[in-house]
Every structure is written in C-alpha cells, then in structure tokens.
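Coordinate analysis (summary)
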Amino acid sequence: MFHDGSFLLRRHKGERGFTLIETVLTMVILAVLLVIVFSAMRLGVRSWEKGETVMENAYVRMTVTSKLAREIGSAYPYTEYTEEGAAVLFSGGSKTLGFVTVSGTGLPGLPWGGAKWVYYSVRDGKLTAREKTVPCTGVERDEGGRLIELDSGVAAIAFEYLGGGGWESQWDASGQN
C-alpha cells in the first residue's frame, strides 16, 4: 500500500497494470498535448496561406509595375497628321493614361515589336491595358485592339504629370513640343 497525500493507492503483490487514475491522467495529458500540437499546426497553416497571398499580391504588383515602367520608359512622341493638323498621340487623364510605346513586346501577328498605342484604365475594379498597332485610325478611342486585364483587385488609379507649374492631374499634349 502506498500513501500519496490524500489518496491511498493499493496494489496487490504480483499484479501488473495501471490504475484507473493513472490511465485517466495519461489520457488527459495526451489530449492536452494533441490540442497544443494541432493548434500550432493550424496556426502554421494559416500563416503559410497568408504568406502565399501576400507573395501572390506582391508578384502581381511587381509584374504590373514592371510592365508600366518598361512601356513608359519606351514612350515615343508619335505625331499623327490629320486634316486638322499634327498632334502628338498622348492622353493623360487623372484616371487614364494613353501613349505610344516602342517597347519590345509587340502585338500578336506582328513579326516585330513595332509601335503600339497603350491605354491604361480601371474597368469594373480591374486595371486594364488596351493595345493597338500604330498607325491606326481612331487610335485614341477606347475600343478595338487587344484588351488585357492586368490586376483584378484595383478599385481606382490616379496618374499625375509633371508640367512647368508642378504636378498636374491632366496633361494635354496638343500644346506641347
């Protein structure tokens, strides 16, 4: 007979096994350990998923920024001659941007990069780019060509232009050289 605080645990000589209290106590300890382990695993999986989402969003932003930088860096002051006179093809609004670029990525069906009109805008919560080959009649109209969805999570976009008087929300290329 063993005396342990307020309990009397009896064992008969030669009997092997665990008492009911030992078994229940072991099961409770195992249950607590399993809860801790599964909670840690769940936390780890949630952190992993959150990290994947952050990385995916960062990749999309990096891709869009890279495309914008490449095309703006290759912008070309293409002059269109019409009956009204000559005008540089550039459209600079506060929520839209259109210009001619000579970036190396051409449109499908062209064996070379060539010049293309690119028009950036937000449509139904999606950042889009419309591309058309140049020269083309009515190139500044927001129709025809190839419409590309760049990012589906854009609520709004704002463009600003550095003019002679500082930053401006609109840019009119008709009076510029």
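These figures come from a predicted structure and were not determined experimentally.

Let's talk about the overall build of the chain
Secondary structure assignment for the chain yields one helix and twelve strands. For the chain, the α and β elements follow one another from N to C terminus as β-β-α-β-β-β-β-β-β-β-β-β-β. In the chain, buried positions account for 21% of the 177 residues. For the chain, restricting intrachain contacts to residue pairs at least 6 apart in sequence, the fraction spanning at least 24 positions comes to 45%. On the chain, roughly 13000 Å² of surface is accessible, and the fraction owed to carbon and sulfur atoms is 60%.

Quick look at the packing of aromatic side chains
Taken as a whole and judged by the stated rule, the model has two aromatic pairs. Each ring, one from Phe-90 and one from Tyr-161, has its centre 6.1 Å from the other, and the planes form 85°; the classification is edge-to-face. Taken together, the residues span a long stretch of sequence, with Phe-90 in strand β5 (residues 90–92) and Tyr-161 in strand β10 (residues 161–163) at a distance of 71 residues. For Phe-90, a relative accessible area of 24% corresponds to the partly exposed category. On the accessibility criterion, Tyr-161 (9% relative accessible area) is buried.

Some thoughts on the pairing of strand β6 (residues 97–101)
Counting buried positions along β6 gives five out of five residues, so the element sits mostly inside the fold. Residues Leu-97, Phe-99 and Thr-101 line one face of β6 and the alternating positions Gly-98 and Val-100 line the opposite face, and both faces are buried. Counting the residues in the hairpin turn of β5 and β6 gives four residues. Bridging between β6 and strand β7 (residues 116–123) involves five bridges; their strand directions are antiparallel. Bridged to Val-100 within β7 is Trp-117.

A closer look at helix α1 (residues 20–73)
Compared with the 80 Å implied by 1.5 Å per residue over 54 residues, the 78 Å span of α1 between its first and last C-alpha is a close match. For α1, every residue scored as buried is listed here: Val-64, Lys-67, Leu-68 and Glu-71. Contacts made by the buried residues of α1 are with β6, β7, β8 (126–133) and β9 (146–151).

Procedures and definitions
- Residues numbered from 1 in each chain as written.
- Predicted model: local features only at pLDDT ≥ 70, side-chain atom pairs only at ≥ 80, totals over all residues.
- Heavy atoms only, no water.
- Helix = DSSP H or I, 4+ residues; strand = E, 2+ residues; numbered from the N terminus.
- Buried < 20%, exposed > 50% of the residue type's maximum accessible area, 1.4 Å probe, protein only.
- Contact = heavy atoms within 4.5 Å.
- Areas by Shrake-Rupley, 256 points an atom, 1.4 Å probe, with all protein chains shown as cover.
- Phe/Tyr/Trp six-rings, centres within 6.5 Å; stacked < 30°, edge-to-face > 60°.
- Pairing = 2+ DSSP bridges.
- Expected span 1.5 Å × (residues − 1).

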